[in-house]
Amino acid sequence: MAGRVSDPFREAGPVEGVWENRELPSAVDPSVALQAVLFDVDFTLARPGPELGPEGYLQVGRRHGVELDISLHDQARVAALEKLQKHPDFRHDEELWIQFTERIVIGMGGDPATARQIAREVERAWENSDNFDIYEDVEPVLDELRAHGLKIGLVSNGARDLREFVRHHNLDADVTVASRYHGKVKPDPTIFRKALDRLEVEPAEAAMVGDHLEDDIEGARALGMHAVLIDREDRYPEVNERLTDLYGLPAALGLVRA
Ligand SMILES: [Mg+2]
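1. Side note on the overall build of the protein
If you tally the helices and strands in the protein, you get 12 helices and 8 strands. Going through the 258 residues of the protein one by one, you find that 38% of them count as buried. A fraction of 64% describes how many contacts in the protein between residues 6 or more apart in sequence connect residues 24 or more apart.

2. Points about the packing of helix α5 (residues 94-107) against helix α6 (residues 112-124)
Running from amino to carboxyl end, α5 crosses α6 at an angle of 125 degrees, the nearest separation of the two axes being 8 Å. Classified by the angle their axes make, α5 and α6 are oblique. The two elements α5 and α6 cross, and the hand of that crossing is right-handed. Here W97, I98, T101, E102, V105 and I106 of α5 lie close against α6, whose contacting residues are P112, A115, R116, I118, A119, R120, V122 and E123. Considered class by class, the residues forming the contact of α5 with α6 number 9 nonpolar, 1 polar and 4 charged.

3. Regarding the nonpolar core
Proteins that are soluble and globular tend to have nonpolar side chains buried together. In terms of nonpolar packing, the biggest core is built from 45 residues, with V37, L38, F192 and A207 touching the most fellow members. Element by element, the count of residues in this core is highest for helix α10 (residues 189-199), at 5 residues. Dropping the residues within four chain positions of it, A207 is found in contact with L34, V37, M225, H226, A227, V228 and L253. Grouped together as the second largest cluster of nonpolar side chains are 12 residues, M108, I118, A119 and V122 included.

4. Structural notes on the sheet that holds strand β4 (residues 151-156)
The parallel open sheet is built from 6 strands, whose spatial order is β5-β4-β1-β6-β7-β8. What marks the edges here is a single partner per strand, and that holds for β5 (175-178) and β8 (242-243).

5. A few points about helix α3 (residues 54-63)
Every buried residue of α3 is accounted for by P54, G56, Y57, V60 and G61. Down the axis of α3, the buried side of the element spans an arc of 155 degrees, and every buried residue falls inside it. Structural note: α3 exposes R62 and R63 on the side pointing more than 90 degrees away from its buried face. Residues of α3 that are buried in the fold lie against α4 (73-83), α5 and α6.

6. Observations regarding α4
Of all the residues in α4, the buried ones are H73, A76 and R77. Take α4 and look down its axis: the buried residues cluster within an arc of 100 degrees, on one side only. Set apart from the buried face of α4 by more than 90 degrees, the exposed residues are Q75 and E82.

7. A closer look at the packing of α4 against α5
Where α4 contacts α5, the two axes come as close as 8 Å, and the packing angle between them is 145 degrees. Helix-helix and strand crossings are classified by hand; for α4 and α5 the assignment is right-handed. In this structure, α4 uses H73, Q75, A76, R77, A79, A80 and K83 to contact α5, whose residues at the interface are F100, R103, I104 and G107.

8. Some details on the environment of L249
Secondary-structure assignment places L249 in helix α12 (residues 249-252). It is 9.0 Å that separates the C-alpha atoms of L249 and L145, two residues lying 104 residues apart in sequence. Look past the residues within four positions of L249 in its chain and what remains in contact with it is V141, V209, V228 and L243.

9. Here's the deal with the confidence of the model for the protein
Per-chain confidence: the protein averages 89 in pLDDT, with 87% of residues scoring 70 or above. Under a pLDDT of 50 for its full length, residues 9-26 has, in the predicted model, 24 contacts with residues more than four places off or in other chains.

10. Some points on the pairing of β4
Counting buried positions along β4 yields 5 of 6 residues, so the element is predominantly enclosed. Sheet topology places strand β1 (residues 36-39) next to β4; 4 bridges connect them, and they run parallel. Within β4, the position partnered with F39 by the bridge is L154. Relative to β5, β4 is paired through 4 bridges, and the arrangement is parallel. Residue pairing for β5: G153 is matched across the bridge by V175. Handedness of the β-α-β unit built from β4, helix α8 (residues 162-168) and β5 comes out right-handed.

Thresholds, definitions, all that
- Residues numbered from 1 in each chain as written.
- Predicted model: local features only at pLDDT ≥ 70, side-chain atom pairs only at ≥ 80, totals over all residues.
- Helix = DSSP H or I, 4+ residues; strand = E, 2+ residues; numbered from the N terminus.
- Buried ≥ 20, exposed ≤ 12 C-beta atoms within 10 Å, placed from the backbone.
- Contact = placed C-beta atoms within 7 Å.
- Axes fitted to C-alpha atoms, helices over the stretch in contact; angles between N-to-C directions.
- Parallel < 35°, antiparallel > 145°, perpendicular 65-115°, else oblique.
- Left-handed = near helix turned anticlockwise from the far one by under 90°.
- Nonpolar A, V, L, I, M, F, W, Y, C, P; charged D, E, K, R; others polar.
- Core = buried A, V, L, I, M, F, W, Y, C linked by C-beta atoms within 7 Å.
- Pairing = 2+ DSSP bridges.
- Arc of directions from axis to C-beta.
- pLDDT = per-residue confidence, 0-100.
- Right-handed = clockwise from strand over helix to strand, strands pointing away.

Have a look at this one:
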């Protein structure tokens, strides 16, 4: 489908049947008051725009004098996904993404001689804050969390400068941690811990909100945080503590309106 953009690691994550039977680490102690909420960025707070989907490949290819076949994008992406693997030590590695994107370019009929340059340019577009739209539920929900006195952080796997992203979209956040600057990607516990340390909050006093089961939910729960899955595309109906938008988040976190 033209214009469709999604997170490859989310697609490469646990399939529904596997997740269903999976034992989750125990939930946090409900008697501990919540102090902070950490958010994932892509597909949780922000929707990647068409520049980051098949149309983006087409446009970048044309700038390099190559006519890519947009109809081959989806199958090229599925094939590239099969070869995509995180490092076992969860280190942030941009080369992984360039190779992934390069395979898609070649799969769309690109010339191997220019595929890497095209891939680099497509990847760089993920660093441009302008290429994302903030979901409409974000501002009112962040306002409501603030009204409850909560601290807010963003934790994202990627190369984007999140401080610039926060300024660009006028988001209300106290801290940001991006894997490029931290050196490890979610679900490595150190990336959550860095955000919590900077907020001076213990894991049991914090919740993680994100769209990726392994990176956001399992990663945060392994550290003793509360976690809520945002499933905007209704992919995981069997998961408890799942919301299809952010409006229900304050209630899901047990926050009662004054
Ligand atoms: Mg995400």
